[in-house]
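Close look at the chain arrangement
Below, each chain spelled out in residue letters.
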Amino acid sequence: MVIGIDGNEQNRKIAIASGADHVFEPLDPQLHDAIEMITHSTGVDATIITVATDQHFFLNQAMDITRQRGRMVVIGDINTDCSANKLYHKEIDVIIAHT
């Protein structure tokens, strides 16, 4: 199953057309609840973050929706100033790549 999250409506349409099962806007207040329902409260197996921003919101959101012992892949330039407690508590593997 593929779940896409993107702030750009055109990108969300492309994701659906390309086969994504579910697509959300990152600021959707129902996003977390929807992912909980879709994943039966386990969270997603892997999160791929492809955003360039100095905001820590996207990294924190990814940690919130990634399951226990899941994986996060960060591609691009993102603010990594976040609490490592979530990573340690959930034992999330993090891979950081640069472009």
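Refer to the preceding data block for the structure.
Heads up: these notes are all about the structure in this document. (Residues numbered from 1 in each chain as written. Predicted model: local features only at pLDDT ≥ 70, side-chain atom pairs only at ≥ 80, totals over all residues. Heavy atoms only, no water.)

**Regarding the pattern of salt bridges**
Threshold: Each reported salt bridge corresponds to a side-chain nitrogen of Lys or Arg within 4 Å of a carboxyl oxygen of Asp or Glu. In DSSP terms, a helix is any run of H or I states spanning at least four residues, a strand is any run of E spanning at least two, and both are numbered starting from the N terminus. Throughout, exposure labels follow a simple rule: accessible area from a 1.4 Å probe, protein chains only, divided by the maximum for the residue type, with under 20% read as buried, over 50% as exposed, and the rest as partly exposed.
For the structure shown, the criterion picks out four salt bridges. When the shortest N-O distance is used, the salt bridge between Glu91 and Arg69 registers 3.4 Å. Placement of Glu91 in the loop between helix H4 (84–90) and strand S5 (93–97) and of Arg69 in strand S4 (residues 66–75) is noted, with a sequence separation of 22 residues between them. Owing to a relative accessible area of 55%, Arg69 belongs among the exposed residues under this scheme.

**A few points about the packing of aromatic side chains**
Our working definition: Side-chain rings of Phe, Tyr and Trp, where Trp is taken by its six-membered ring, are said to pair if the distance between their centres is within 6.5 Å; with planes under 30 degrees apart they count as stacked, over 60 as edge-to-face, and otherwise as tilted.
Across all of its chains, the model carries one aromatic pair by this definition. Summarising the aromatic geometry, the rings of Phe57 and Phe58 are spaced 5.2 Å apart at their centres and angled 80° between planes, so their arrangement reads as edge-to-face.

**Description of the nonpolar core**
Counted only if it meets this: Residues enter a nonpolar core if they are buried and are Ala, Val, Leu, Ile, Met, Phe, Trp, Tyr or Cys, with the set joined through side-chain atoms within 4.5 Å. By the convention used here, residues are in contact when the closest approach between their heavy atoms is within 4.5 Å.
Membership of the largest hydrophobic core is limited to nine residues, which are Ile49, Leu59, Ala62, Met63, Met72, Val74, Ile78, Leu87 and Ile92. Of all the secondary-structure elements, those providing two or more residues to this core are helix H3 (57–65) and S4. In contact with Met63, not counting residues within four places along its chain, are Met72, Cys82, Ser83, Lys86, Leu87, Lys90 and Ile92. Of all hydrophobic cores here, the second largest spans seven residues; its members include Ala34, Ile35, Val44 and Ile65.

**Description of unusual backbone geometry**
At His40, a residue that is not glycine, the phi angle is positive and equals roughly 55°. As for its placement among the helices and strands, His40 is situated in the loop between helix H2 (31–38) and strand S3 (44–50). For Ser41, which is not glycine, the phi dihedral falls at a positive 65°. By relative accessible area, Ser41 is classed as exposed at 54%.

**Comments concerning the side chain of Thr66**
Quick reminder of the rule: Contacts described as polar in this section are N or O atom pairs within 3.5 Å, which, within protein, must combine one atom able to donate a hydrogen with one able to accept it, while residues neighboring in sequence count only if both atoms come from side chains.
Secondary-structure assignment places Thr66 in strand S4. Look at Thr66 and you get buried, because its relative accessible area is 1%. Here the side chain of Thr66 touches Ala62 through a polar contact of 2.6 Å, landing on its backbone oxygen. In this structure Thr66 touches Gly43, Val44, Asp45, Thr47, Arg71, Met72, Lys90 and Ile92, once residues within four positions along its chain are discounted.

**Observations regarding the side chain of Thr47**
Here Thr47 shows up in strand S3. The exposure class of Thr47 is buried, given its relative accessible area of 9%. The contacts of Thr47, once residues within four sequence positions are left out, are Ala62, Ile65, Thr66, Arg71, Met72 and Val73.

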